[in-house]
Structure formats: C-alpha cells, structure tokens
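# Reading the structure
Each chain, written out:
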Amino acid sequence: MKAEEFITKHKEDMIADIKAFAAIPSILDEKTTAPGRPFGEKAADALSWVLEKGKSLGMDVKNFDCYAGEMTVGTGGRLIGILGHADVVAPGEGWDTEPFEIQEIDGKLYGRGTMDDKGPIVSCLYAVKYLMEENLIPKDTAIRFIVGCDEEEEWRCIEHYGAKADRMPDCAIVPDGNFPLIHCEKGLMDVDFSYAVHGKADCKITVEALHGGAAKNVVPGKAYCNLRCPDAETAAALAAALNAFEQVSATQEESGVSVIVSGKSTHAMSPEKGLNAISQLMQTLGEVGKTFDIEPVYQTYNQYIGMHYYGETFGLQFEDAASGKLTFNVGTIELKDGKLTFGVSVRYPATVEKEKIFAAAEETCRQAGMEMHVTSHMNGLYVDADSDFIGVLMEAYQKVSGDCESRPMAIGGATYARTIPNAVAFGPLFPYEEELAHEANEYLDLDSLDKMTLIYIEALKGLLAMEA
C-alpha cells in the first residue's frame, strides 16, 4: 500500500487517538505525586495511554517508573530513536474552547497538547505502523520511541531514563520543534552576578530600592527604583530630569522619587528584538548622575554591560558560523542588603567549549569585583548540516513539502533533542504555521497532520536504508 493511501485509510483513527491522548490533562501536579507517578496522576495516565497504544500496534513496551517509557519494534543492533513527551503546560487563560475537550473545527484539532507534543507522537506511531505493515524494518535495525513526562519542566524524565535504559539510539528524530529541522542549538547558561554597593557618605541622593524583570530567559519589560533626595526641591528637579527620557516615568513623593522604566519584552534567545528595561534604567541613572549626585550603583553595570546584547563589554564576544553570536540577557535585578544582583541568560555558540565561556566570565568578574554563581547549564547541540543523517531528513522533508528553500535551522532556544546524542528536532511546525504550542487555542491542522505523517514515513525509510 502506498503511504498516502495508508494515511487516508487511518486518518480518522489518528484523529480519535489524538483526541483521546490530548484529553488527558498531563500537567505536572505535585499534589498527586507518589511512588510510580513522580510527576502526578495525570502525567502517569498519559504515559500509560501511549504505552498501551504502542502495545496494541505490536510494539514491545517498557515503563521506567512513570518517568518515561519506551516502545520498540524490531530486535536489530542498530537503533533509530523517536523522542517525544506526554506532559503538557497548563492551559492558561484566553481559550475559545475547553483546552482538554478536544474539538475539530474547520479542519483543525483544538486543545492543549495537540501540537506539543501528543499529535506528533501519534503521527509518528502511525508512521511506524506503516513501516511494520509493509515489512520495511530490516532485521539488523530497530525503532524505539522514548516518551518522557517532564519535558515541560526540568527534564528529570530523560535523566532517569538515561540512567536506567540499556542504551541510547544511534540517531533520533524529535517531533517537537520545527520543519525542516533544527541542527544547532546554543549552549545555555543561567548565571547570577552580584557586586557590593558601597554608598558614598557624601552622596546627596540615595537609591533605596531597585528591581526589575521576572525571569532570566525574558527581556524585561519593566524596571523600577526609588530614590531619596535631601529635600523636595531636589526631588522635583530630579523627577523632571528623569521624565525627559522617553522610556521613563518618574513621580515625586515629597523628597522621594519613584521611577518606572518601560522596555519591550521578548524571549532571551533574541534579546536584540526587545528593549531591556533594566539596562535602560541603569543607563538613565548614569545620565542623570552627571548632573545629580546620585549614589553610583549603576557604574559597574554600565561599564561591563550597558545596552549591549552580545556580551562584548563583558569579555564574552564569542561567535561561530553555525549559531552566530553569543547573547547576553539581563532578565532580573535586585538591590538588597547592600548588594546588587542581576540574573543573566547566556546563550553561547554551539561549537564553543563551555570552559572558554566560564573562564572569560570569571576573568571579567575578577576585574570588576563581582561574584558569579551558575544556577543552571545545558550543553549546546550541533549536528553537521552536511552529514548523511541530516541529508536523509532534508530529502524527506523536501520530497513531501516541495519546499527546497528552507534550510536546517540554528536556534538560541532549547529543544528536547539536546538530551540524547545525535538527535535533532524534526517538525512538526511548518515554516508557514503560527507557533501556538504554549499559547491559548493551540491546534493541529489536519492537513499538516497528513503531511507530517508522510514526512516521518519517508524520513524513517531513509534512515532505515542508511548504512550503519
């Protein structure tokens, strides 16, 4: 049977399975965690559902303590992986439908998880079902699904699986990103930098409070500070000077001035697309500090960070051809107990060794009198775009989609692919589609379901035909 005929024959089965799978509200639920359900009752239910589905298709299944599960077809020594996740993010507000009552409207399946990642998992299951029915899996090869339950939070699922599994795949696709594919992901490092603020005794204006931002991985849209002046007259003059800046709103309250700086929020992987309110605040304080005698809490910040997005004044001017420039986003800041602490998301080129990044940052801290605390780190991902593995996937995508213009992508974000060796995110989002994975009204277009399933069939056929 031709693959197109198979997809048409099983289209309603796929839709029914996606509806059933996505109807399980598998959000992390600490209240229902217990032995055998480390991420809560519903996450365990979702994993059980997909493992039972795999078993009904003739796959060998194994549950790794409800952290993750695997479904395998074939017994060969060469192993091709498909990595996905059964958990979802909370639905949030703004839905036009009930997020866990999956509805088909105008050729689209609306509901949380339909696109991220339950619909694509079902698509891949049917792609493998086709290969099984057509006897296209060689005796020397096996295909294995790995399905985690904590992708949306801390990736503890894949850590547990890696410690328990007999082996990892030789190569793997991850239907949890974009088409044509993502072959390069920057390394990620979250850091808290801090330095002591020793106020000058003779400063007329003190900084009583300073804070801003909500998370390291977001360009802050607001930043705030409270200034204390020696008298109301000075406060009035300072407020007037601050209000001359376009992004600043300053309000006088007797001898105090409350300052709000507005920026433009965006994701930290492309900080240049936003306007960092924290950096804008520090620059503004530096400018008015030329006229007003303000406690210089901003000096070190402006010298080593300023309004720059690429870490060039922090000694982190790294770049590579595959993933571009390092980005440096100050996402949070707080003045507390005489110490200014700012949280930074550093996204560094995939081919640069992390030791070089650490060493350069530590040297800058030494020079500036800062402390540095790395709160989290993930290595980058890089698979050569000219490799046979990438070539097979690109050929499958181009054959089905007709899109020969889109190229393998490099991103500053993180996909599930970086958790296992020699894996890349491969779909499900097409270049012309809107990203709604974590938004209200998430949906899976049913025409895209047909197309992605056919791509996965062609891609797996190509991987099966590759020489070990």
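Below is a short write-up of the structure.

Conventions and cut-offs
- Residues numbered from 1 in each chain as written.
- Predicted model: local features only at pLDDT ≥ 70, side-chain atom pairs only at ≥ 80, totals over all residues.
- Heavy atoms only, no water.
- Pairing = 2+ DSSP bridges.
- Helix = DSSP H or I, 4+ residues; strand = E, 2+ residues; numbered from the N terminus.
- Axes fitted to C-alpha atoms, helices over the stretch in contact; angles between N-to-C directions.
- Contact = heavy atoms within 4.5 Å.
- Salt bridge = Lys/Arg side-chain N within 4 Å of Asp/Glu carboxyl O.
- Buried < 20%, exposed > 50% of the residue type's maximum accessible area, 1.4 Å probe, protein only.

Overall, antiparallel pairing links the eight strands, which are arranged β13-β14-β12-β11-β17-β18-β10-β19 in an open sheet. Each having just a single partner strand, β13 (248-253) and β19 (371-378) make up the two edges of the open sheet. When strand polarity is set aside, the average angle formed by the axes of neighbouring strands in this sheet is 20 degrees. Where strand β17 (residues 327-336) and strand β18 (residues 339-348) come together, nine bridges link them in antiparallel fashion. Counterpart to Phe328 in the pairing with β18 is Val346. Docked against the sheet, helix α6 (residues 277-288) engages β10 (187-196), β11 (206-212), β12 (222-228), β13, β14 (256-262), β17 and β18, running at close to 30 degrees with respect to β12. Contacts from helix α8 (residues 354-368) reach β10, β18 and β19, with the element oriented near 160 degrees to β19.

We now examine the sheet that holds strand β24 (residues 443-445). The strands making up a sheet are joined through hydrogen bonds of the backbone, oriented either antiparallel or parallel. Taken in spatial order, the three strands of this open sheet run β4-β5-β24, and their pairing is antiparallel. Among the strands making up the open sheet, the edge pair consists of β4 (103-105) and β24. Each adjacent strand pair in this sheet contributes to an overall mean axis angle of 25 degrees, direction not counted. Of the pairings in the sheet, the one linking strand β5 (residues 108-110) to β24 comprises three bridges and is antiparallel in character. Counted as the bridge partner of Leu109 is Leu444 from β24.

Applying the stated rule across the entire model yields 17 salt bridges. The partner of Glu185 in a salt bridge is Arg418, with the nearest N and O atoms 3.0 Å apart. With Glu185 in strand β9 (residues 182-185) and Arg418 in the loop between β21 (409-411) and β22 (423-425), this pair connects stretches of sequence that are 233 residues apart. With respect to burial, Glu185 and Arg418 carry one shared label: buried. With a shortest N-O distance of 3.2 Å, Glu458 and Lys399 are connected by a salt bridge. Remark: Lys399 occurs in helix α9 (residues 388-401) and Glu458 occurs in helix α10 (residues 446-465); sequence separation between them is 59 residues.

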